[in-house]
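# Remarks on the overall topology
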Amino acid sequence: MSTSTTAADALPAPVPVLSFSPVVLSVPGRPVDLQIRVSAPATGTALPVILLSHGHGPSNHLSSLNGYAPLANFWAAHGFVVVQPTHLTSSTLTHLVADAPGAPDFWRSRAEDMTHILDRLDVIENAVPQLAGRIDHTKVALAGHSLGGFTAALLLGAGLTDPDTGNVVHVVEPRIKAGVLLAAPGRGGDVLNGPMAERWPIIGAVDFSTMTAPALVVAGDKDDSRHFTDMGPAWHADSYTLAPSPKTLLTLFDAEHGLGGIAGYDAAETTDENPERVAALARLTAAYLHTQLHPGASAWQVACEALATGPDPVGHVESK
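Residues numbered from 1 in each chain as written. Predicted model: local features only at pLDDT ≥ 70, side-chain atom pairs only at ≥ 80, totals over all residues. Heavy atoms only, no water.

The next thing to look at is the overall build of the chain. Counting its regular elements, the chain contains eight helices and 12 strands. The C-alpha atoms of the chain give 18 Å as radius of gyration, which agrees with the globular expectation for 320 residues (20 Å, within 12%). Counting only C-alpha atoms and orienting by the principal axes, one finds that the chain spans roughly 50 × 45 × 35 Å. Considering the chain as a whole, with its 320 residues, one finds that 56% of them fall into the buried category. (Helix = DSSP H or I, 4+ residues; strand = E, 2+ residues; numbered from the N terminus. Rg over C-alpha atoms; globule rule 2.2 N^0.38 Å. Buried < 20%, exposed > 50% of the residue type's maximum accessible area, 1.4 Å probe, protein only.)

Listed below in structure tokens is the structure:
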């Protein structure tokens, strides 16, 4: 790709990354403070923001501000400020919040974490050394993996039937301009028939028909989540197939739920470890979000052309 740093061209050349944690925000009513990691390029101004919502994997620390380094580091090196909260679902907090209202899925709190971050982005910016004045507060995107993809869907406009009231709730965050859903859960109803469906019924309560914000949905063609459904890997594409345009689907070949290992370097729970796939995914997601936040930029077009014409493609792209 081009190494130009102009918004109209492809991704900027990589630079060293500054990573600072924890930034601690006190949130009224939240059982513990909201802790955040911020990763940013060492140089550059008018930097766009990616909020990154972690999943709910078996490791203790990857489902927290300490996870997803393969993505966070790449995105930050290529011009984004990456903000990673530790949601209340994190294994690092289970002993503190197991009996808190909203447990165990904390669906509302997870979404509210992102709104709190955006409400206090100036505070966060000033708390991180060498970052003050370098963020473009109008250019905000969101990415989430697995349960984080569920959270991202809500913030991008999906509705949710509140199990406590039966009412459809919307927690859409209009300041978020675009999103990336990585191995996100799919529809509910009859297809949500696996053993985890009863423990996590909230997963099937999402209505994608109102998820109007632009989004890139990433699904592995070997991501067969039998604990939730017997629908097969297509379930993880529901946030593309059931949502209105503009949406893009990236199907990764031979990828399972870890998508090659995005949750952490050398993570034991990655059943399909593939550093090349992770590198390609980091590149493609960065290109997509760069173009969404800089209209007219060619990064996504360049990335898609390289994917389509290169040898041994990692996946294929379709859009609507």
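Here the narrative resumes.
Two strands in a sheet stick together by hydrogen bonds in their backbones, pointing the same way (parallel) or opposite ways (antiparallel). The strand order S7-S6-S9 describes an open sheet built from three strands, whose pairing is antiparallel. Edge strands, defined here as strands with exactly one partner in the open sheet, are strand S7 (168-170) and strand S9 (206-207). Sheet topology note: the strand S6 (residues 159-161)/S7 ladder contains three bridges and is antiparallel. The residue bridging Thr161 from the neighbouring strand is Val168, located in S7. (Pairing = 2+ DSSP bridges.)

Here strand S11 (residues 247-252) lies mainly inside the structure; six of its six residues are buried. Every second residue of S11 is oriented toward a common face, with Lys247, Leu249 and Thr251 on one face and Thr248, Leu250 and Leu252 on the other, all of them buried. The pairing of strand S10 (residues 215-220) with S11 spans six bridges and is parallel. Following the sheet pairing, Val218 is matched in S11 by Leu250. Sheet topology note: the S11/strand S12 (residues 315-319) ladder contains five bridges and is antiparallel. Across the sheet, the residue bridging to Leu249 is Glu318, located in S12.

Within the open sheet, the nine strands sit side by side as S1-S2-S4-S3-S5-S8-S10-S11-S12. Their pairing is mixed. Sheet topology places strand S1 (17-25) and S12 at the edges, where each strand pairs with a single neighbour. In this sheet, neighbouring strand axes are inclined to one another by 20 degrees on average, regardless of whether the strands run parallel or antiparallel. Helix H1 (residues 69-77) rests against S1, strand S2 (34-41), strand S3 (47-53), strand S4 (81-85), strand S5 (135-145) and strand S8 (178-182) of the sheet, and its axis sits at about 150 degrees to S4. Where helix H7 (residues 275-293) meets the sheet, its contacts fall on S3, S5, S8, S10 and S11, and the angle it forms with S8 comes to roughly 160 degrees. (Axes fitted to C-alpha atoms, helices over the stretch in contact; angles between N-to-C directions. Contact = heavy atoms within 4.5 Å.)

In this structure the tally under the stated criterion is two aromatic pairs. Here the aromatic rings of Tyr288 and Trp300 are separated by 5.4 Å at their centres, their planes lie at 85 degrees, and the arrangement is edge-to-face. Separated by 12 residues along the polypeptide, Tyr288 in helix H7 and Trp300 in helix H8 (residues 299-309) bring together distant segments of the chain. Judged by relative accessible area, which is 3%, Tyr288 ranks as buried. The positively charged end of Lys320 is found above the aromatic ring belonging to Tyr240, 5.0 Å away from the centroid. (Phe/Tyr/Trp six-rings, centres within 6.5 Å; stacked < 30°, edge-to-face > 60°. Lys NZ or Arg CZ within 6 Å of the ring centre and 35° of its normal.)

When its volume is computed, the largest pocket comes out at roughly 550 Å³. A volume near 430 Å³ is recorded for the second largest pocket. Along the wall of the second largest pocket there are 26 residues; nearest its centre are Pro101, Gly102, Phe106, Arg108 and Ser109. Classifying every residue of the lining of the second largest pocket gives 14 nonpolar, four polar and eight charged. (1 Å grid on protein atoms, 1.4 Å probe; cavity = no way out; pocket = protein on both sides within 12 Å on 5 of 7 lines; lining within 4 Å. Points joined across faces, edges and corners; volume = space filled by probe spheres on them. Nonpolar A, V, L, I, M, F, W, Y, C, P; charged D, E, K, R; others polar.)

So, about the packing of H7 against H8. Running from N to C, H7 and H8 point in directions that differ by 150 degrees, and their axes come no closer than 7 Å. Classed by the angle they form, the pair H7 and H8 counts as roughly antiparallel. Contacts between H7 and H8 involve Leu284, Ala287, Tyr288, His290 and Thr291 from the former and Ala299, Trp300 and Ala303 from the latter. Across the contact of H7 with H8, the residue classes tally to six nonpolar, two polar and no charged. (Parallel < 35°, antiparallel > 145°, perpendicular 65-115°, else oblique.)

Here the focus is the nonpolar core. Membership of the largest hydrophobic core comes to 52 residues, with the highest contact counts inside it found for Ile36, Leu51, Val81, Ile117, Phe150, Ile203 and Met211. Secondary structure elements with two or more residues in this core: S1, S2, S3, S4, helix H3 (107-119), helix H4 (121-127), S5 and helix H5 (147-155). Broken down by element, this core gets its largest block of residues, six residues, from H5. Residues contacting Met211, with those up to four places away along its chain left out, are Ala153, Leu156, Gly157, Ala158, Leu181, Ser239, Ala243, Pro244 and Lys247. Membership of the second largest hydrophobic core comes to 42 residues, among which are Phe80, Ala141, Leu252 and Ala287. (Core = buried A, V, L, I, M, F, W, Y, C linked by side-chain atoms within 4.5 Å.)

The values are spatial; any link to function lies outside them.
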